[in-house]
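# Structural description and commentary
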Amino acid sequence: MELNRLSAHELMGLLDKGDISHVDICNSIIDSIDKKDKSLNAIVNFDKGKVLERANAQKGLPVFIKDNICVKDELTTCSSNILKGFRPPYNATVIEKLLNRNAILMGKTNMDEFAFGSSTETSCYGTTKNPWDLERIPGGSSGGSAACVAADEAIWALGSDTGGSVRQPAGLCGVVGLKPTYGRVSRYGLIAFASSLDQIGTLTKDTEDAAILLKIISGHDPMDSTSVDRPVPDYAKLIKKDIKGLKLGIPKEYFIEGMDKEVKQSVLDAIKKLESLGAACENISLPHTEYAVAVYYLVATAEASSNLARFDGVQYGLRSSQAKGVIDMHKKTRGEGFGDEAKRRIILGAFALSSGYYDAYYLRALKVRTLIKKDFEDAFKKYDAIITPTSPTPAFKIGEKTEDPLTMYLCDIFTISANLAGIPGVSMPCGFTKSNLPVGLQILGKAFDEETILRIAYNYEQGTEWSKRKPGI
Ligand code: GLN
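Below you will find a few notes about this structure. (Residues numbered from 1 in each chain as written. Predicted model: local features only at pLDDT ≥ 70, side-chain atom pairs only at ≥ 80, totals over all residues. Heavy atoms only, no water.)

## So, the packing of aromatic side chains
Quick note on the threshold: Here a Phe, Tyr or Trp ring, Trp counted by its six-membered ring, pairs with any other such ring whose centre lies within 6.5 Å, and the pair is stacked when the planes are under 30 degrees apart, edge-to-face when over 60, and tilted otherwise. The secondary structure listing takes helices from DSSP runs of H or I that are at least 4 residues long and strands from runs of E that are at least 2 residues long, numbered from the N terminus. Residue exposure (1.4 Å probe, protein chains only): buried if accessible area is under 20% of the type maximum, exposed if over 50%, otherwise partly exposed. The criterion is that NZ of a Lys, or CZ of an Arg, lies within 6 Å of the ring centre and within 35 degrees of the ring normal, and then a charge sits over that ring.
Applying the stated criterion across every chain, the model contains 18 aromatic pairs. Ring centres 3.9 Å apart and planes at 15° place the aromatic pair Tyr297 and Tyr409 in the stacked group. With Tyr297 in helix α10 (residues 292-307) and Tyr409 in helix α14 (residues 405-409), the pair connects residues that are 112 residues apart, well separated along the chain. Relative accessible area serves as the criterion here: at 9%, Tyr409 is assigned to the buried category. Over the ring of Tyr383 we find Lys247, and its NZ or CZ is 5.6 Å from the ring centre. It is Lys401 that lies over the ring of Phe396; its NZ or CZ is 4.8 Å from the centre.

## Digging into unusual backbone geometry
Negative phi values dominate among residues other than glycine, just as trans dominates among peptide bonds. In this structure, the amide linkage connecting Gly140 to the following residue, Ser141, adopts the cis form with an omega of 10°. Residue position: Ser141 is located in the loop between β3 (104-109) and α5 (143-150). Look at Cys78: it is not a glycine, yet its phi comes out positive at around 55°. Summarising the element assignment, Cys78 is placed in the loop between β2 (62-66) and α4 (93-100). Here Cys78 falls in the buried class, since its relative accessible area comes to 1%. Here Ala115, not a glycine, exhibits a phi torsion of approximately 70°, which is positive. As for its placement among the helices and strands, Ala115 is situated in the loop between β3 and α5. Relative accessible area serves as the criterion here: at 5%, Ala115 is assigned to the buried category.

## Observations regarding the nonpolar core
Applied cut-off: To form a nonpolar core, buried Ala, Val, Leu, Ile, Met, Phe, Trp, Tyr and Cys residues must be joined to one another through side-chain atoms within 4.5 Å. Two residues qualify as a contact provided that any one of their heavy atoms is within 4.5 Å of a heavy atom in the partner residue.
Among the nonpolar cores identified, the biggest contains 137 residues, and Phe114, Phe376 and Ile443 are the most heavily contacted of them. Looking at which element gives the most residues to this core, the answer is α10, with nine residues. Dropping the residues within four chain positions of it, Phe114 is found in contact with Cys78, Ser80, Ile82, Leu83, Ile191, Phe193, Leu308, Phe311 and Phe338. By size, the runner-up hydrophobic cluster in this structure holds six residues, among which are Ile137, Ala395, Phe396 and Cys411.

## Notes on the pairing of β2
The cut-off we apply is this: Think of it this way: DSSP has to see at least two bridges between two strands before they count as a pair.
Of all five residues in β2, five are buried, a share of seventy percent or more. Alternating residues of β2 divide into Pro62, Phe64 and Lys66 and Val63 and Ile65, and every residue in both groups is buried. Bridge count between β2 and β3: five bridges; the pairing is parallel. When the sheet's bridge partners are listed, Ile65 is paired in β3 with Lys108.

## Side note on the site of the ligand
Spelled out, the test is: We call a residue near a molecule or strand when any one of its heavy atoms sits within 4 Å of it. Whenever two N or O atoms come within 3.5 Å, that pair is a polar contact, provided that in protein one can donate a hydrogen and the other can accept it, and provided that, for residues adjacent in sequence, both atoms are side-chain atoms. The protein chains shown are the only cover counted for residues, whose accessible areas, like all others here, come from Shrake-Rupley with a 1.4 Å probe. Each residue gets one of three labels, nonpolar for Ala, Val, Leu, Ile, Met, Phe, Trp, Tyr, Cys and Pro, charged for Asp, Glu, Lys and Arg, and polar for the others, Gly among them.
As a matter of local geometry, the ligand sits amid 15 residues, with Gly163, Ser165, Tyr296, Arg345 and Asp412 nearest to it. The separation between a nitrogen atom of the ligand and a polar side-chain atom of Asp412 is 2.7 Å. If the ligand stood free it would expose 290 Å²; the protein chains cover 100% of that surface. Partitioning the shell around the ligand into residue classes produces five nonpolar, seven polar and three charged.

## Re the environment of Gly189
Examined against the element boundaries, Gly189 turns out to sit in the loop between β5 (176-179) and β6 (199-204). The buried category is assigned to Gly189, whose relative accessible area is 7%. Once the C-alpha coordinates of Gly189 and Thr93 are considered, the two residues, 96 residues apart in sequence, prove to be 6.5 Å apart. Beyond its immediate sequence surroundings of up to four residues, Gly189 is in contact with Asn68, Ile69, Cys70, Tyr90 and Ala92.

## Here we look at the side chain of Asp161
Structurally, the position occupied by Asp161 is in strand β4 (residues 157-161). At 3.2 Å, the side chain of Asp161 forms a polar contact with the backbone nitrogen of Val166. Apart from residues lying up to four places away in sequence, Asp161 is in contact with Val166, Arg167, Lys179, Leu197, Asp198, Gln199 and Asn419.

If you want it as structure tokens, here you go:
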């Protein structure tokens, strides 16, 4: 049996019966990585010897971690040259929570530099490939986590989602990607991109695993003042209830002109399936959707420019050896250390925050953000969840959008609003194009109601075969 192909809950069953050991699971994953990762480039920091040592000592499940989540004494670089060699002196709270459950930390996954991107092409480690078609991108910025789960190089993985970075790569790689409500999971030890939008999320083979992993990493943390003190439900149990009588909204703004026809058809078929499972679907409007991309790229870059000010060659990672004096050292370190997309975002954000432009850009964006949030609040007065495509197209070719940042930014048109509103969202496979590329279905929910969106996802998954398909790699 190829243990690497199983889900976490299937493996837990086998472990309980004593049929397999934790070392067997790790060995099967190591074999899979040896075979596939040269072509995929999903994993960036991985030490076989260390993993086997941990597997012998720790009786938990193996997990991969996106390269922007701090693991004590392990390379954590955000796939950026500016953090070359950085080993954090502490664990992120999610890592502590995983270790409390004896998880075996496998290593780090590739990502867009500082999570800026939708294709994992801006990483200093090179592009990750999509396991369904090696000429295509896996999505991003958690492309490494999505690809390694899809290719069975991992059982499950953590990612982060600021504007879609868990859901979009999950959609393009055919796995389940969950972005929890803002405040559900501690951000302590997640290297900040945009602090009012960032959330750590899960990439798993199915919905039950998403429910299990969410429960493990959730909860209030005194180290993150934005984490919320609310009980964490037993998601894995609650999602198994049927969905009869649930009311689902289908926003017309998410079925736009120019979107891929096969994507649209798969999502419409999924909506029919949900109706056949007993949900009532109605068309709705989220009228401020058209402003989401513009608002996001002001808020996110403004926060990023401020968060990235700390990378100056003094305390972390790279320090330019060419510099004369301290100011020159800051300049040269940042010039050499950041890639083009990071520089673009820092400049955009600093501009939006600069005096004279602050009111016209940043402040106005915050006001529109409130309107976008209100769209959802109004919809959720009547509906239990909202159903949309995850992305307007399936995975595109490597290099296709790198010359034109705006077309890249538009990839996130369906995922960004959830971060602006702080609500949870899950992406799951809902079909395949004729050329065998996965299509993602997005389910958005009320704040702190991960339970309902996972319940809808679980029922849909039970009624379809999409999640069982595996890429040929
Ligand atoms: N693709 C979006 C961006 O480039 C979202 C990234 C993310 O969620 N980290 O900002």
